[in-house]
Amino acid sequence: MQIQWLGQSHFKIQTKNNGQEVIIAMDPYDESIGLKPSKYQADIVTVSHGHSDHNNIESIKGEPFVITEPGEYETKGVFIYGIPGFHDDKQGKEKGNIVIYKIHSEDMNIVHLSDLGCELTDEQLEKIGDVDVLFAPVGGGPTIDAKKANDIVSAIEPRIVIPMHYNLPGLKIKLNSVEDFAKVSGLPLEKTDKLKINKKDLPQNETKIVQLSI
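What comes next is a walk through the structure. (Residues numbered from 1 in each chain as written. Predicted model: local features only at pLDDT ≥ 70, side-chain atom pairs only at ≥ 80, totals over all residues. Heavy atoms only, no water.)

**Quick notes on the side chain of lysine 102**
Rules: Secondary structure elements follow DSSP: runs of H or I no shorter than four residues count as helices, runs of E no shorter than two count as strands, and numbering proceeds from the N terminus. Distance and chemistry together define a polar contact, namely a pair of N or O atoms within 3.5 Å, with one atom able to donate a hydrogen and the other to accept it when in protein, and with adjacent residues in sequence counting only for side-chain atoms on both sides. The contact rule is simple, with two residues in contact once any of their heavy atoms fall within 4.5 Å.
Examined against the element boundaries, lysine 102 turns out to sit in strand β10 (residues 97-105). For lysine 102, the side chain forms a polar contact with the main-chain oxygen of isoleucine 128, separated by 2.7 Å. Dropping the residues within four chain positions of it, lysine 102 is found in contact with Phe79, Ile80, Tyr81, Asn109, Ile110, Val111, Lys127, Ile128, Gly129 and Asp130.

**Quick word on the sheet that holds strand β14 (residues 189-192)**
Here is the rule we go by: One bridge is not enough; two strands pair if DSSP finds at least two bridges between them. Each axis is a line fitted through C-alpha atoms, and for a helix only the stretch in contact is used; angles between axes span 0 to 180 degrees, taken between their N-to-C directions.
Taken together, the 8 strands give an open sheet; going across it, the order is β8-β9-β10-β11-β12-β13-β16-β14, and neighbouring strands pair in mixed fashion. With one partner strand each, in any of the chains shown, β8 (71-75) and β14 form the two edges of the open sheet. Averaged over neighbouring strand pairs, the angle between their axes works out to 25° when direction is ignored. As paired strands, β14 and strand β16 (residues 208-212) are joined by 4 bridges and run parallel to one another. Opposite threonine 192, over in β16, you have leucine 212 as the bridge partner.

**So, the pairing of strand β12 (residues 133-137)**
Counted only if it meets this: For every residue, the accessible area (1.4 Å probe, protein chains only) is compared with the maximum for its type, and the residue is labelled buried under 20%, exposed over 50%, or partly exposed between those bounds. A clockwise course of the path from the first strand over the helix to the second, judged with the strands pointing away from the viewer, identifies a crossover as right-handed.
Taking burial as the measure, the 5 residues of β12 include 5 buried ones, the bulk of the element. Taken together, strand β11 (residues 108-112), helix α1 (residues 122-128) and β12 constitute a β-α-β crossover, and its handedness is right-handed. Two elements, β12 and strand β13 (residues 160-164), share 5 bridges in a ladder whose sense is parallel. Its bridge partner being in β13, proline 137 is matched across the sheet by methionine 164. In this fold, β12 hands off to helix α2 (residues 146-156), which returns the chain to β13; that crossover is right-handed.

**Points about α2**
For clarity, the cut-off: Comment: arc refers to directions from the helix axis out to C-beta atoms.
If you check which residues of α2 are buried, you get Ala146, Ala149, Asn150, Ile152, Val153 and Ile156. Looking down the long axis of α2, one finds its buried residues gathered within 165° of arc, a one-sided arrangement. On the buried face of α2, the contacting elements are α1, β12, β13 and α3 (178-185). A positive phi of about 60° marks glutamate 157, the residue just after α2.

As structure tokens, this is what we get:
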């Protein structure tokens, strides 16, 4: 499996099932946020909520299977679970609801926390379950900040954390830096362009933070 971060909360995942490559686009954004949208063909698109930095389905080419709501889905050998969540700490009354997506492919679990704005409940943690790779917002502002992100990482205990939704050059949304999260966590940032992973090579006794470039 290969994971590429395209800025903000947008990830491109390339996975294989039964010899067939499947491309997944998660939370594609539009140009209004100050970053240039990536355009490519995908088989699956997940949209966690209706904000412009997460729902630019039109930028994805082809005829993808689009998921925008909580529930259980399966296509091309990939299982996707949508778990309801909140964009704020007031049960969604200020910023609305989000969908946390759990993707199961190649015997690995990938979880995208979207614009999570509060701590996770016991019920949400149970539904999330075991996580190999966690995409976590860390920049504060409209989402959880570095400290809350670190608390959630500690609760989930993933093998790998990939920070997202933090300050980038050109981004019009005011967010904190990824270094703030690294400082709170006390773990080094392992930097790479793209993450290539398989089940047997995942860290076993620790959580790693991997910072992907765009």
